[in-house]
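Read off the chains here:
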Amino acid sequence: MPRNAQQKAVRKRVEGYFAQGKPCSQALLLALKDEIGSPPETLLQASAALARGLGGTGSVCSALVAGMLVLGLKADDSKSSASPAPSNEWLDVYTPPHQEHLFQLCQELALRFSKDAKERFGTVLCRDMSGVDWRSPSPTEVSRYYAPDGRVTGCMDTVSQVA
């Protein structure tokens, strides 16, 4: 399936999960559940604490974190080396060879996400992207967010692009 068609299909699934009241991280993971190969219940449980900017703090958009979870779940650990990690004072900076590619993908995702989010919203923080202080949301903020042309549309775009 061409990338554009795939993105449209993911967007449609993301919209469906948003319509069910799922937050960004869960909408992304559920939209990609077939590619990930994990049961939906596991994905929902694993991502529950990410909602509304990392545990309702309004911090970093959970779609970015969920995207990194997807990369980790899809990583091919079969390439991991059987050799043990070095044992010395430099262990803190040791990256297992099989994780180098994963970290590169995560860094690319973070850079692309940051660029896109900052162009669209001026930030990568959920509270600013959504316009809602999720720690104590007012009914007005939430209504504006979920309005037909509200910021939820931008969030759906962002989640779809992470996929």
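Keep in mind the model is a prediction, meaning the values are calculated, not measured. Sequence order sets the numbering: in each chain, residues are counted from 1 along the sequence as written. In keeping with the model being predicted, local features are shown solely for residues with a pLDDT of at least 70 and side-chain atom pairs are shown and tallied solely at 80 or more, while totals for entire chains, interfaces and linings include all residues. Think of the side-chain values as coming from all heavy atoms in the structure, minus any hydrogens and water.

In this section: the pattern of salt bridges. Salt bridge criterion: a side-chain nitrogen from Lys or Arg within 4 Å of a carboxyl oxygen from Asp or Glu. Following the criterion strictly, the structure yields six salt bridges and no others. Arg 11 is the salt-bridge partner of Asp 157, the closest N and O atoms lying 1.9 Å from each other. Highlighted residues: Asp 157 in helix H9 (residues 151–162) and Arg 11 in helix H1 (residues 3–19), separated in sequence by 146 residues. Owing to a relative accessible area of 18%, Arg 11 belongs among the buried residues under this scheme. Note that Arg 135 and Asp 133 form a salt bridge whose closest N and O atoms lie 3.2 Å from each other. Of the residues examined, Arg 135 reaches a relative accessible area of 57% and is grouped as exposed. Helix and strand labels come from DSSP, where a helix needs a run of H or I of at least four residues and a strand needs a run of E of at least two; each type is numbered from the N terminus. Think of it in three bands: with a 1.4 Å probe and only protein chains considered, a residue is buried below 20% of the maximum accessible area for its type, exposed above 50%, and partly exposed in between.

Here the focus is the packing of helix H2 (residues 24–31) against helix H5 (residues 62–74). Where H2 contacts H5, the two axes come as close as 8 Å, and the packing angle between them is 30°. The angle between the axes of H2 and H5 places the two elements in the roughly parallel class. Relative to H5, H2 is oriented so that their crossing is right-handed. The residues of H5 that touch H2, namely those facing Cys 24, Ser 25, Leu 28 and Leu 29, are Ser 62, Ala 63, Ala 66, Gly 67, Leu 69 and Val 70. Grouping the amino acids of the contact of H2 with H5 by side-chain chemistry returns seven nonpolar, three polar and no charged. Axis definition: a line fitted to C-alpha atoms, over the contacting stretch in the case of helices. Angles run 0 to 180 degrees between N-to-C directions. Should an angle fall under 35 degrees it is called roughly parallel, over 145 degrees roughly antiparallel, and 65 to 115 degrees roughly perpendicular, with every other angle called oblique. Helix crossings are classified by the rotation of the near helix relative to the far one: an anticlockwise turn of less than a right angle makes the crossing left-handed, while a clockwise turn makes it right-handed. Contacts are assigned to residue pairs that have any heavy atoms within 4.5 Å of one another. Residue type decides the class: Asp, Glu, Lys and Arg count as charged, Ala, Val, Leu, Ile, Met, Phe, Trp, Tyr, Cys and Pro as nonpolar, and the leftover types, Gly among them, as polar.

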